[in-house]
Protein chains: 2
Amino acid sequence: MKFRAEIDIMPLEALLDPQGKAVNAGLRNLGLNNISSVRVGKHITLQLETATEAEARAEVEEACKKLLANLIMESYRFDLVAL
Amino acid sequence: MKFRAEIDIMPLEALLDPQGKAVNAGLRNLGLNNISSVRVGKHITLQLETATEAEARAEVEEACKKLLANLIMESYRFDLVAL
């Protein structure tokens with residue numbers, strides 16, 4: 001079965017996010033004053049072909065833990081969509 | 001009303017994504033051979049307070065077009081969640 005994984009990797013809530021702060025300031029300079037709490041992370045999409053959805057889920061978990069996310073500073077979550 | 005926007009900004013399909021290619025190679029080196037078509041973009045969350053959902057949507061659109069996404073190379077999409 002073919003799946004598409006949509007992965008979000010975000011800085012942990014407890015940590016400062018200087019990039020988000022900079023974006024927030026930039027938006028205010030553009031006159032968008034209703035916006036706050038900007039946080040910037042990564043969005044990764046990938047395709048994978050496995051026998052079962054459980055296998056696909058395990059493989060994406062492994063990819064996130066071993067390469068995509070730095071678990072000291074980031075958290076991840078993902079959705080799997082069957083193709 | 002308060003909303004949270006979840007914004008995904010991805011490189012256009014027509015463009016090469018060297019970062020995605022590098023991640024794909026890295027995953028293969030880890031033995032994750034079922035994975036392909038990796039693309040890497042940004043995930044941005046922000047909060048905003050507006051009178052209506054339509055206003056919130058318009059403000060996020062403006063933020064994406066003016067600052068967050070480079071429309072020559074990237075596309076964006078977002079979801080609004082009422083808080």
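What counts, and where the lines are drawn
- Residues numbered from 1 in each chain as written.
- Chains lettered and ligands numbered in written order.
- Predicted model: local features only at pLDDT ≥ 70, side-chain atom pairs only at ≥ 80, totals over all residues.
- Heavy atoms only, no water.
- Helix = DSSP H or I, 4+ residues; strand = E, 2+ residues; numbered from the N terminus.
- Rg over C-alpha atoms; globule rule 2.2 N^0.38 Å.
- Buried < 20%, exposed > 50% of the residue type's maximum accessible area, 1.4 Å probe, protein only.
- Contact = heavy atoms within 4.5 Å.
- Buried area = accessible area lost by both parts, 1.4 Å probe.
- Salt bridge = Lys/Arg side-chain N within 4 Å of Asp/Glu carboxyl O.
- Arc of directions from axis to C-beta.
- Least-squares fit on C-alpha atoms with pLDDT ≥ 70 in both.
- Lys, Arg positive; Asp, Glu negative; His and termini not counted.
- Axes fitted to C-alpha atoms, helices over the stretch in contact; angles between N-to-C directions.
- Parallel < 35°, antiparallel > 145°, perpendicular 65-115°, else oblique.
- Nonpolar A, V, L, I, M, F, W, Y, C, P; charged D, E, K, R; others polar.

Student: Is there a simple way to explain the overall build of chain A in this structure?
Tutor: Counting its secondary structure elements, chain A contains two helices and three strands. For chain A, the sequential pattern of α-helices and β-strands runs β-α-β-α-β. Relative to a compact globule of 83 residues, whose C-alpha radius of gyration would be 12 Å, chain A shows 16 Å and is clearly more extended. When the backbone C-alpha atoms are referred to their principal axes, chain A occupies close to 50 × 25 × 15 Å. The buried share among the 83 residues of chain A stands at 43%. Looking at chain A alone, contacts between residues at least 24 apart form 71% of all its contacts between residues at least 6 apart.

Student: How should I be thinking about the interface of chain A and chain B in this particular structure?
Tutor: Bring the parts together and some accessible area is lost; that lost area is often taken as the interface size. Counting residues at the interface gives 33 residues for chain A and 33 residues for chain B. Between chain A and chain B, the buried area comes to about 2,700 Å², and carbon and sulfur atoms account for 61% of it. Broken down residue by residue, the surface that chain A buries against chain B is led by A:Asn34, A:His43 and A:Glu59, which jointly contribute 20%. At the boundary of chain A with chain B, the tally comes to two salt bridges.

Student: What should I look at first to understand helix α2 (residues 53-68) of chain A in this one?
Tutor: Owing to its 3.6 residues per turn, the α-helix brings residues three or four apart onto one side. Turning to α2(A), its buried residues are A:Ala56, A:Glu59, A:Val60, A:Ala63, A:Cys64 and A:Leu68. What you see down the axis of α2(A) is that its buried residues fit within an arc of 140°, all on one side. Set apart from the buried face of α2(A) by more than 90 degrees, the exposed residues are A:Ala54, A:Lys65 and A:Lys66. At its buried positions, α2(A) is contacted by β1 (2-11), β2 (35-49) and β3 (74-82) of chain A together with α1 (18-29) and β2 (35-49) of chain B.

Student: Before we go on, may I ask you to explain the relation of the copies chain A and chain B in this structure?
Tutor: Mapping between the two copies of the chain is achieved by a rotation about an axis and a shift along the axis. Once turned by 180° and shifted 0.0 Å along the axis, chain A lies on chain B with an RMSD of 0.0 Å. What the rotation and shift describe, once combined, is the action of a two-fold rotation axis. Nearest to the rotation axis, the C-alpha of A:Lys42 is located 2.1 Å from it, this being the minimum over chain A.

Student: Sorry if this is basic, but what is going on with the side chain of A:Glu74 here?
Tutor: All names here are of chain A. As for its placement among the helices and strands, glutamate 74 is situated in strand β3. Of the side chains with opposite charge, lysine 42 comes closest to the buried, unpaired glutamate 74, at an N-O distance of 4.1 Å. If we ignore the near neighbours within four places in the chain, the residues touching glutamate 74 are Ile9, Met10, Pro11, Leu12, Lys42, Leu68 and Ala69.

Student: Can you walk me through the environment of A:Pro11 in this structure?
Tutor: Residues and elements named next belong to chain A. Turning to its location among the elements, proline 11 is positioned in strand β1. In this structure proline 11 comes out as buried when scored by relative accessible area, which is 14%. Apart from the residues within four sequence positions on either side, proline 11 is in contact with Asp17, Arg39, Val40, Gly41, Met73 and Glu74.

Student: Looking at this structure, I do not really get the packing of helix α1 (residues 18-29) of chain A against helix α2 (residues 53-68) of chain B. What am I missing?
Tutor: Helix packing geometry: the angle between the two helix axes and the distance between the axes. Across the interface, α1(A) lies against α2(B) with an axial gap of 11 Å and an inter-helix angle of 105°. Here α1(A) lies roughly perpendicular to α2(B), going by the angle between them. Mapping the contact onto sequence places A:Val23, A:Gly26 and A:Leu27 in α1(A) and B:Ala63, B:Leu67 and B:Leu68 in α2(B). Class assignment of the residues belonging to the contact of α1(A) with α2(B) gives a composition of five nonpolar, one polar and no charged.

Read these as spatial facts, not as claims about activity.
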